Amino acid sequence: MRHWLMKSEPSTFGLEHLKASPNRSTLWDGVRNYQARNMLRDDFKRGDLAFFYHSSCAEPGVVGIIQILCAGYPDPTAFIRNHPHHDPKSSRAAPRWYTVDVKFKRELKRIIGLAELQNHAALAAMPLLRRGNRLSITPVSAAEWDYILSLE
DNA sequence: GCCAACGTTGGC
DNA sequence: GCCAACGTTGGC
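Residues numbered from 1 in each chain as written. Chains lettered and ligands numbered in written order. Predicted model: local features only at pLDDT ≥ 70, side-chain atom pairs only at ≥ 80, totals over all residues. Heavy atoms only, no water.

A. Expanded view of the protein's contact with DNA strand C. Around DNA strand C, the structure places Tyr34, Gln35, Lys89, Arg131, Gly132 and Arg134. Within 4 Å of the protein, the contacting atoms of DNA strand C are drawn from sugar and phosphate to the extent of 67%. In this structure, Arg134 approaches DNA strand C through a side-chain N or O atom, which is 2.3 Å from a base oxygen. Among the residues making up the surface near DNA strand C, the classes are represented as 1 nonpolar, 2 polar and 3 charged. (Near = heavy atom within 4 Å. Polar contact = N/O pair within 3.5 Å; in protein donor to acceptor, adjacent residues only side chain to side chain. Nonpolar A, V, L, I, M, F, W, Y, C, P; charged D, E, K, R; others polar.)

B. Geometry of the environment of Pro76. Here Pro76 shows up in the loop between strand S5 (73–74) and strand S6 (98–99). Sequence spacing of Pro76 and Tyr98 is 22 residues, and the spatial spacing of their C-alpha atoms is 8.2 Å. Apart from residues no more than four positions distant in its own chain, Pro76 is found in contact with Leu27 and Thr99. (Helix = DSSP H or I, 4+ residues; strand = E, 2+ residues; numbered from the N terminus. Contact = heavy atoms within 4.5 Å.)

C. Unusual backbone geometry, seen in detail. Of note, the phi angle at Arg24 is positive, near 50 degrees, even though the residue is not glycine. Of note, Arg24 is situated in the loop between helix H2 (15–20) and strand S2 (25–27). On the basis of relative accessibility, which here comes to 37%, the residue Arg24 falls in the partly exposed class. The phi dihedral of Ser56 is positive, around 50 degrees, even though this residue is not glycine. As for its position among the elements, Ser56 is in the loop between strand S3 (49–54) and strand S4 (61–68). Take Ser56: its relative accessible area is 59%, and that puts it in the exposed class. (Buried < 20%, exposed > 50% of the residue type's maximum accessible area, 1.4 Å probe, protein only.)

D. The arrangement of the protein's contact with DNA strand B in detail. Taken together, the residues surrounding DNA strand B are Lys7, Tyr53, Ser55, Ser56, Pro60, Leu114 and Arg134. A share of 72% of the atoms of DNA strand B within 4 Å of the protein falls on sugar and phosphate groups. Ser56 is positioned with one of its backbone polar atoms (N or O) 2.8 Å from a phosphate oxygen of DNA strand B. Split into classes, the residues belonging to the surface near DNA strand B amount to 3 nonpolar, 2 polar and 2 charged.

Structure (structure tokens):
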């Protein structure tokens, strides 16, 4: 089982939106970056866990834990004309973008903020903390996962 | 294949 | 709102 960190802007889709979704579940659509796409397509498996990270907001940081419900599959929103995530270069015959279904697992007892994460040498290798990183999906090692949870 | 221009991300 | 960093596009 792998661990991940998945960013979302709470003003667009935050942990509260996920909790309010039917079955507290949704598809993680709209990823339009090839590196992140490759991870969704090739590496995500049913049963993986991910940190839900709030970005571009007053208090950026890890806010919750979500479960990955299935392996990656073609992102259907890319096929829908007039959808904000539509991409005419992606087709059902040759899908360009991938998604996974995710489910709310739990909220952290407190937000573990970006500034706090940056203060721990044990987390220095996390792609999230690398200067200039903009990937919306990044892997988290088992050691990093446990360490972050120990901060909670 | 190079690289300038442009658009986006995301912290501050 | 600013701006650094990065990815993508497209002319050549």
